[in-house]
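Below are the chains, spelled out letter by letter.
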Amino acid sequence: MSAPADLLVVGGGAKAAAVAAKVHAINALGLARIALTIVEANRPAASWMGLNGMTSGDEPLAITPIKDVGFPYESGGAFGELGAELDRAMLGFSWQSYMLDRGGFARWVNAGSPGIRHRDYGAYLAWVLARATAGVRIVHGRVRRIGLGAEDRWSVEVAQADAERARHEAHALLLTGSGVHRHLPHDPDAAPWMFHCDDKRGEFTRIPADRRTEIGIVGGGEGALSCLMFLRALRPAARLTVHTPSLPLSRGESFLENRVFSDPDSVGWSGLDLATRRMFVAQCDRGVFGPDGLAAISYDDQCRFLTGRVVHLGADGEGVRLDYASPDGPRAERYDYVVNCTGFDLLEQLRGLFPPPVRAEIERRSGPLWDLPSSTELRFGRGLEVEGLWPRLHIPGLAGLTQGPGFANLGCLGLLADRVVAPLMVGNVAERPVGDGRAATPV
Ligand SMILES: Cc1cc2nc3c(=O)[nH]c(=O)nc-3n(C[C@H](O)[C@H](O)[C@H](O)COP(=O)(O)OP(=O)(O)OC[C@H]3O[C@@H](n4cnc5c(N)ncnc54)[C@H](O)[C@@H]3O)c2cc1C
């Protein structure tokens, strides 16, 4: 059992890197003494290296790397007059600093600041996590169970690489990750011909290379596009059909949309009605294709799109019969293989970490959470924490609809860290020598 941390992060990926860099900067500047523990089951930034399925690592990142762990560098919103100093310190963890450190910045700029691969982004995140050390501890292990410990602290049981089981306590908890693949209704006999968006890419080599195959991809978002591009490279002769629940659309990415991701307060996001927020997320984040990825497949005559929600997959000899509700009524297609890219369910992943009595206690303290219809809006506070729950449980991956669309992805990692870390300053502020002119307490 180690001394309680101020914050424990489950997962050492993009969000953890942003929070670790912010905590390091705050501690290194002497603004506070925050103790952060990150527990990572695989290795830092594993998801981006293709070690957790979801990508081979070679698929393109759908966002510019300039939107790095400090972006949008507007910490004044959370830290008042300390914000400017903090933003300057965060430049040490920027994409530019990383490229300078690697000696590749000029070459990248000369090449027109091109998009990068997932694994390049992963290498950047691992670089950040290796440098963010002040007050930051990374534990190699898998979180198995989360409970409520003494004095209203979280008690986290970890199967650690260096010890059988260890327990870590923390005053606040941050849950990260994309979640597990959503369920797509299918006959058990169809399973041998199915893949899921979080399968390891190596599994796809089961698809024969020596003959032309028909592959169906179910889903209308980034996961489906990423998978399509991967399959095109893996099986150039395959015919790929993408099934989207409604008309396939590309993501809006002008400054109008981008500012909502990086600064939701600038449009009064939390005050907008639910329908407007849902419409924005549907048009600019979930269930839409990135324009760059689309450009890569736009002239591919072995790729087609069919509209209509897929309702069931059945076995059909050595393949799958896919039933969908097309605009002209029920239709069916036959495929050799089908990939379920209908998205991720983060709540399902988290359910597995909290035993039923703890889930019940969380709901007793803050209201229904675990088994609500997907149409229900879950309430999250400005810290991206479950509203009304103590101790704090931060779940940015679910807080996008309430607090801002960028918190569920890479749209504003710096702001995400501001929101999660600012509450930790209370009671942790380091006394500054009198007269150094800088405020001792944050806003
Ligand atoms: C392959 C991929 C590409 C994406 N591309 C984009 C994009 O281009 N633009 C965009 O805005 N969004 C993108 N997203 C969506 C979204 O941004 C990310 O899902 C999310 O923001 C990633 O950050 P994260 O820290 O939550 O998760 P991750 O970076 O995935 O980190 C989660 C970490 O948790 C670890 N872990 C999981 N369970 C446990 C456990 N029980 N104990 C300990 N460790 C655990 C994993 O090993 C992993 O390293 C992408 C998601 C994926 C998976």
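Definitions and limits used
- Residues numbered from 1 in each chain as written.
- Predicted model: local features only at pLDDT ≥ 70, side-chain atom pairs only at ≥ 80, totals over all residues.
- Heavy atoms only, no water.
- Helix = DSSP H or I, 4+ residues; strand = E, 2+ residues; numbered from the N terminus.
- Rg over C-alpha atoms; globule rule 2.2 N^0.38 Å.
- Buried < 20%, exposed > 50% of the residue type's maximum accessible area, 1.4 Å probe, protein only.
- Contact = heavy atoms within 4.5 Å.
- Areas by Shrake-Rupley, 256 points an atom, 1.4 Å probe, with all protein chains shown as cover.
- Lys, Arg positive; Asp, Glu negative; His and termini not counted.
- Charge placed at Lys NZ, Arg CZ, Asp CG, Glu CD.
- Near = heavy atom within 4 Å.
- Polar contact = N/O pair within 3.5 Å; in protein donor to acceptor, adjacent residues only side chain to side chain.
- Nonpolar A, V, L, I, M, F, W, Y, C, P; charged D, E, K, R; others polar.
- Core = buried A, V, L, I, M, F, W, Y, C linked by side-chain atoms within 4.5 Å.
- Pairing = 2+ DSSP bridges.
- Axes fitted to C-alpha atoms, helices over the stretch in contact; angles between N-to-C directions.
- Phe/Tyr/Trp six-rings, centres within 6.5 Å; stacked < 30°, edge-to-face > 60°.
- Salt bridge = Lys/Arg side-chain N within 4 Å of Asp/Glu carboxyl O.
- Domains from an automatic or database assignment.
- Buried area = accessible area lost by both parts, 1.4 Å probe.

## Quick notes on the overall build of the protein chain
Here is step 1: Across its full length, the protein chain holds 14 helices and 17 strands.
Here is step 2: Taking 443 residues into account, the globule formula puts the C-alpha radius of gyration at 22 Å, and the protein chain, at 23 Å, falls close to it.
Here is step 3: Principal-axis analysis of the C-alpha atoms places the extent of the protein chain at approximately 75 × 55 × 50 Å.
Here is step 4: Split into buried and exposed, the 443 residues of the protein chain put 53% on the buried side.
Here is step 5: Long-range contacts, defined here as pairs at least 24 residues apart, represent 70% of the contacts in the protein chain between residues at least 6 apart.
Here is step 6: With the model as given, the accessible surface of the protein chain reaches about 19200 Å², and the carbon-plus-sulfur share is 54%.
Here is step 7: Taken as two groups, the 47 positive and 51 negative side-chain charges of the protein chain have centres that lie 2 Å from each other.

## Re the site of the ligand
Here is step 1: The ligand sits among 30 residues. The nearest are Lys15, Glu40, Ser47, Ala62 and Gly177.
Here is step 2: Ala41 places a polar main-chain atom, nitrogen or oxygen, 3.1 Å from a nitrogen atom of the ligand.
Here is step 3: Within the backbone of Val143, an N or O atom sits 2.9 Å from a nitrogen atom of the ligand.
Here is step 4: Here the ligand has 970 Å² of accessible area as a free molecule, and 89% of this is covered by the chains.
Here is step 5: Mapped by element, the contributors of at least two residues to the shell around the ligand are α1 (14–28), β2 (36–40) and β3 (136–148).
Here is step 6: Of the residues forming the shell around the ligand, the biggest block, three residues, is contributed by β3.
Here is step 7: For the shell around the ligand, the per-class residue count stands at 13 nonpolar, 14 polar and three charged.

## Section: the nonpolar core
Here is step 1: Core analysis: the biggest nonpolar cluster contains 84 residues, and Val69, Ile146, Leu173 and Phe354 have the highest contact counts within it.
Here is step 2: Core analysis: the second largest hydrophobic core is formed by 34 residues, Phe204, Ala224, Leu225 and Val320 among them.

## What to know about the sheet that holds strand β11 (residues 303–307)
Here is step 1: Overall, parallel pairing links the five strands, which are arranged β8-β15-β9-β10-β11 in an open sheet. The open sheet is flanked by β8 (194–196) and β11, the only strands paired with a single partner. For this sheet, the mean angle separating the axes of adjacent strands, direction not counted, is 20°.

## Looking at the packing of aromatic side chains
Centre-to-centre distance and the angle between the planes together describe a pair of aromatic rings.
Here is step 1: Counted by the stated rule, this structure contains 18 aromatic pairs.
Here is step 2: A centroid spacing of 5.7 Å and a plane angle of 75° characterise the contact between Trp95 and Tyr124, whose relative ring orientation is edge-to-face. Taken as a pair, Trp95 in helix α4 (residues 95–102) and Tyr124 in helix α6 (residues 118–131) lie far apart in primary sequence, 29 residues in all. Tyr124 carries the same exposure label as Trp95, and that label is buried.
Here is step 3: Geometrically, the ring pair formed by Phe261 and Phe280 is tilted, given 5.7 Å between the ring centres and 50° between the ring planes. With a gap of 19 residues between them, Phe261 in helix α8 (residues 255–262) and Phe280 in helix α9 (residues 274–284) connect regions that are remote in the sequence.

## Looking at the side chain of Lys67
Here is step 1: Position of Lys67 relative to the elements: it lies in the loop between β2 and α2 (76–79).
Here is step 2: Of the side chains with opposite charge, Glu253 lies nearest to the buried Lys67, which makes no salt bridge, at 7.4 Å.
Here is step 3: In contact with Lys67, other than residues within four places in its own chain, are Tyr121, Asn258, Leu410 and Gly411.

## Examining unusual backbone geometry
Here is step 1: Note the cis peptide between Phe71 and Pro72, where omega equals 10°.
Here is step 2: Among the structural elements, Pro72 can be located in the loop between β2 and α2.
Here is step 3: Along the chain, Trp390 connects to Pro391 via a cis peptide bond; the corresponding omega equals -5°.
Here is step 4: Within the secondary structure layout, Pro391 lies in the loop between α12 (356–366) and β17 (392–394).
Here is step 5: One non-glycine residue, Ala45, adopts positive backbone phi at about 65°.
Here is step 6: Examined against the element boundaries, Ala45 turns out to sit in the loop between β2 and α2.
Here is step 7: The phi angle at Met54 is positive, at roughly 70°, despite the residue not being glycine.

## Things to note about the pairing of strand β4 (residues 154–160)
Here is step 1: With seven of seven residues buried, β4 lies mostly within the body of the structure.
Here is step 2: Burial of the side chains of β4 extends over both faces: Trp154, Val156, Val158 and Gln160 are buried on one face and Ser155, Glu157 and Ala159 on the other.
Here is step 3: Of the strand pairs in this sheet, β3 and β4 are connected by seven bridges, and their pairing is antiparallel. Bridging from a neighbouring strand, Arg145 pairs with Glu157 of β4.
Here is step 4: The loop that links β3 with its antiparallel partner β4 comprises five residues; one of these, Glu151, has a positive phi angle of about 50°.

## Observations concerning the domain arrangement of the protein chain
Here is step 1: Along its sequence, the protein chain is carved into domain 1 (7–180 + 344–440) and domain 2 (183–248 + 287–340).
Here is step 2: Using C-alpha coordinates to define each centre, domain 1 is positioned 33 Å away from domain 2.
Here is step 3: Each partner contributes to the interface: domain 1 provides 13 residues, whereas domain 2 provides nine residues.
Here is step 4: Of the roughly 810 Å² buried between domain 1 and domain 2, counting both surfaces, carbon and sulfur atoms make up 63%.
Here is step 5: Taken as a group, Met54, Glu59 and Phe344 account for 42% of the area that domain 1 buries against domain 2, more than any other trio of residues on that side.
Here is step 6: Scanning the region where domain 1 abuts domain 2 turns up one salt bridge.
Here is step 7: Across the domain 1-domain 2 interface, the total number found is four residue pairs in polar contact (both at pLDDT 80 or more).
Here is step 8: Among the residues forming the side of domain 1 that touches domain 2, the class breakdown is six nonpolar, six polar and one charged.

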